[in-house]
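Notes for the structure review
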Amino acid sequence: MRFVIFDIDGTLTDTKEVDDKCFMKAFEDSFNIDIWSQKWETLKEVTDWSITEEIVLSEWNRLPTNSEYESMISNFMSNLREEKAKDQSQFNEIPGAKDFFYRLEKSKQFKVGIATGGWEESALLKLKAIGIAINNVAFSNSSHHKSRAAILKNVIAQLSRKTQSIPKRIIYFGDGEWDYKPCQNLRACWEI
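We now turn to the structure provided with this report. Note on numbering: residues in each chain are counted from 1, in written sequence order. Local features in this predicted model are restricted to residues of pLDDT 70 or higher, and side-chain atom pairs are both shown and tallied only at a pLDDT of 80 or more, whereas totals for entire chains, interfaces and linings draw on every residue. The side-chain quantities take in all heavy atoms of the structure and omit both hydrogens and water.

1. Notes on the pairing of strand 4 (residues 169-173)
Remember that side chains alternate between the two faces of the sheet whenever the strand is regular. For clarity, the cut-off: Residue burial is assigned from relative accessible area. The probe radius is 1.4 Å, only protein chains are included, and a residue is buried under 20% of its type maximum, exposed over 50%, and partly exposed in between. In DSSP terms, a helix is any run of H or I states spanning at least four residues, a strand is any run of E spanning at least two, and both are numbered starting from the N terminus. A pair of strands is treated as paired once DSSP finds two or more bridges between them.
Along strand 4, the buried face is formed by Ile170 and Tyr172; none of Arg169, Ile171 and Phe173, which line the opposite face, is buried. Here strand 1 (residues 2-6) pairs with strand 4 via five bridges, running parallel. The partner of arginine 2 across the bridge, within strand 4, is arginine 169.

See below:
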């Protein structure tokens with residue numbers, strides 16, 4: 001059995017630009033911290049949870065409170081919904097991604113999963129926008145895990161439980177350096 005795991009932004013959905021814009025605006029509205037010039041690759045981890053934590057810790061010398069996280073997520077989701085209402089084309093699929101995803105999902109040789117550094121609510125909104133349902137798909141995100149490695153490990157564990165097997169191979173589709181790094185670290189556990 002081979003596991004195929006997908007990122008969302010820039011891999012399944014063409015939403016990197018709108019996601020960044022909405023996230024940065026929500027961050028400024030929630031924390032009054034301007035991150036418009038922030039380069040994601042300079043951060044230790046590139047997940048919504050980790051970005052929020054790292055920048056607030058750096059600026060305020062403390063972690064965000066639960067209510068601050070909730071406010072950030074709420075503002076972010078409002079921004080995404082507003083942008084989607086204004087221009088649905090900001091939430092298109094990467095050409096051919098949905099078809100490829102469903103072909104693999106129907107195959108007996110592959111089991112698919114989704115591992116995203118985004119928060120669950122935003123991930124579900126983007127997947128729904130391109131017509132991908134995750135009813136029987138292993139799925140993990142930044143609402144439950146801070147690091148990409150933990151998110152990937154969680155999807156792999158879900159797929160292993162579902163198939164009651166250890167994968168022969170794990171294939172991960174992502175679009176950023178932050179997707180590549182955790183795969184290198186996981187090579188010690190599985191062939192990726």
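Now that the structure is up, let's keep going.
2. Quick look at the nonpolar core
Condition: Throughout, nonpolar core names a set of buried Ala, Val, Leu, Ile, Met, Phe, Trp, Tyr and Cys residues whose side chains join them through atoms within 4.5 Å.
Phe23, Phe27, Ile35 and Trp40 are the most contacted members of the largest nonpolar core, which totals 23 residues. Looking at this core, the elements that each hand over two or more residues are helix 1 (16-31), helix 2 (48-60) and helix 3 (66-86). It is helix 1 that contributes the most residues to this core, seven residues altogether. Ala97, Phe101, Ile114 and Ile130 belong to the second largest nonpolar core, which has 17 residues in total.

3. Let's talk about the environment of aspartate 29
Checked against the element boundaries, aspartate 29 lands in helix 1. Aspartate 29 gets classed as partly exposed once you look at its relative accessible area, which sits at 46%. Between the C-alpha atoms of aspartate 29 and serine 107, which are 78 residues apart in sequence, the distance is 45 Å.

4. What about the packing of helix 1 against helix 2?
Selection criterion: Between N-to-C directions, angles cover 0 to 180 degrees, with each direction set by a line fitted to C-alpha atoms, over the stretch in contact for helices. What sets the label is the angle itself: under 35 degrees gives roughly parallel, over 145 gives roughly antiparallel, 65 to 115 gives roughly perpendicular, and the rest give oblique. By definition, turning the near helix anticlockwise from the far helix through less than a right angle yields a left-handed crossing, and turning it clockwise yields a right-handed one. The contact criterion used throughout is that any non-hydrogen atoms of two residues lie within 4.5 Å. Residue type decides the class: Asp, Glu, Lys and Arg count as charged, Ala, Val, Leu, Ile, Met, Phe, Trp, Tyr, Cys and Pro as nonpolar, and the leftover types, Gly among them, as polar.
At their nearest, the axes of helix 1 and helix 2 sit 12 Å apart, and the two run at 40 degrees to each other. The angle between helix 1 and helix 2 places the two elements in the oblique class. As helix 1 runs across helix 2, the sense of the crossing is right-handed. Listed contacts from helix 2 to Phe23, Phe27 and Phe31 of helix 1 are Asp48, Ile51, Thr52, Ile55, Val56 and Trp60. Partitioned by chemical class, the residues of the contact of helix 1 with helix 2 number seven nonpolar, one polar and one charged.

5. A few points about the packing of aromatic side chains
What counts here: Aromatic pairing here means that ring centres of Phe, Tyr or Trp (its six-membered ring) are within 6.5 Å. Orientation follows from the plane angle: under 30 degrees is stacked, over 60 is edge-to-face, and everything else is tilted.
All told, the structure shown has ten aromatic pairs when counted by the stated rule. By way of ring pairs, the aromatic residues Phe23, Phe27, Phe31, Trp40, Trp60, Phe76 and Trp119 are connected into one cluster.

6. What about the pattern of salt bridges?
Let me state the cut-off plainly: Salt-bridge detection follows one rule: a side-chain nitrogen of Lys or Arg within 4 Å of a carboxyl oxygen of Asp or Glu.
Applying the stated rule across the entire model yields ten salt bridges. Here lysine 126 ties to aspartate 19 by a salt bridge, and the two come within 2.5 Å at their closest N and O atoms. Of this pair, lysine 126 sits in helix 5 (residues 120-130) while aspartate 19 sits in helix 1, and the two are 107 residues apart along the sequence. Of the charged contacts in the structure, one is a salt bridge between glutamate 83 and lysine 86, with a shortest N-O distance of 3.1 Å. One end of the pair, glutamate 83, and the other, lysine 86, are both in helix 3, three residues apart, so they sit about a helical turn from each other. Note on lysine 86: relative accessible area 58%, which makes it exposed. What emerges from the salt-bridge pattern is a single network uniting Asp9, Asp19 and Lys126.

7. Some words on the sheet that holds strand 3 (residues 138-140)
An order of 3-2-1-4 is seen for the four strands of this open sheet, with the pairing classed as parallel. One side of each edge strand has no neighbouring strand; the edge strands of this open sheet are strand 3 and strand 4. Taking each pair of neighbouring strands and ignoring which way they run, the sheet shows an average axis angle of 20 degrees. Across three bridges, the pairing between strand 2 (residues 110-115) and strand 3 is parallel.

8. Digging into the layout of surface pockets
Just so we agree on the cut-off: Cavity: a set of points on a 1 Å grid over the protein atoms alone where a 1.4 Å probe fits but cannot get out. Pocket: an open set with protein on both sides within 12 Å along at least five of seven lines, its lining residues, like those of a cavity, having an atom within 4 Å of a point. Grid points are joined across faces, edges and corners, and a volume is the space filled by probe spheres set on the points.
Each pocket or cavity is described by its volume, and for the largest pocket that value is around 240 Å³. Forming the boundary of the largest pocket are 17 residues, of which Asp9, Asp19, Asp20, Val46 and Arg148 lie nearest the centre. Of all the secondary-structure elements, those providing two or more residues to the lining of the largest pocket are helix 1 and helix 2.

9. Some words on the side chain of asparagine 79
With respect to the helices and strands, the residue asparagine 79 is situated in helix 3. Not counting the four nearest positions on each side in its chain, asparagine 79 is found in contact with Cys22, Lys25 and Ala26.

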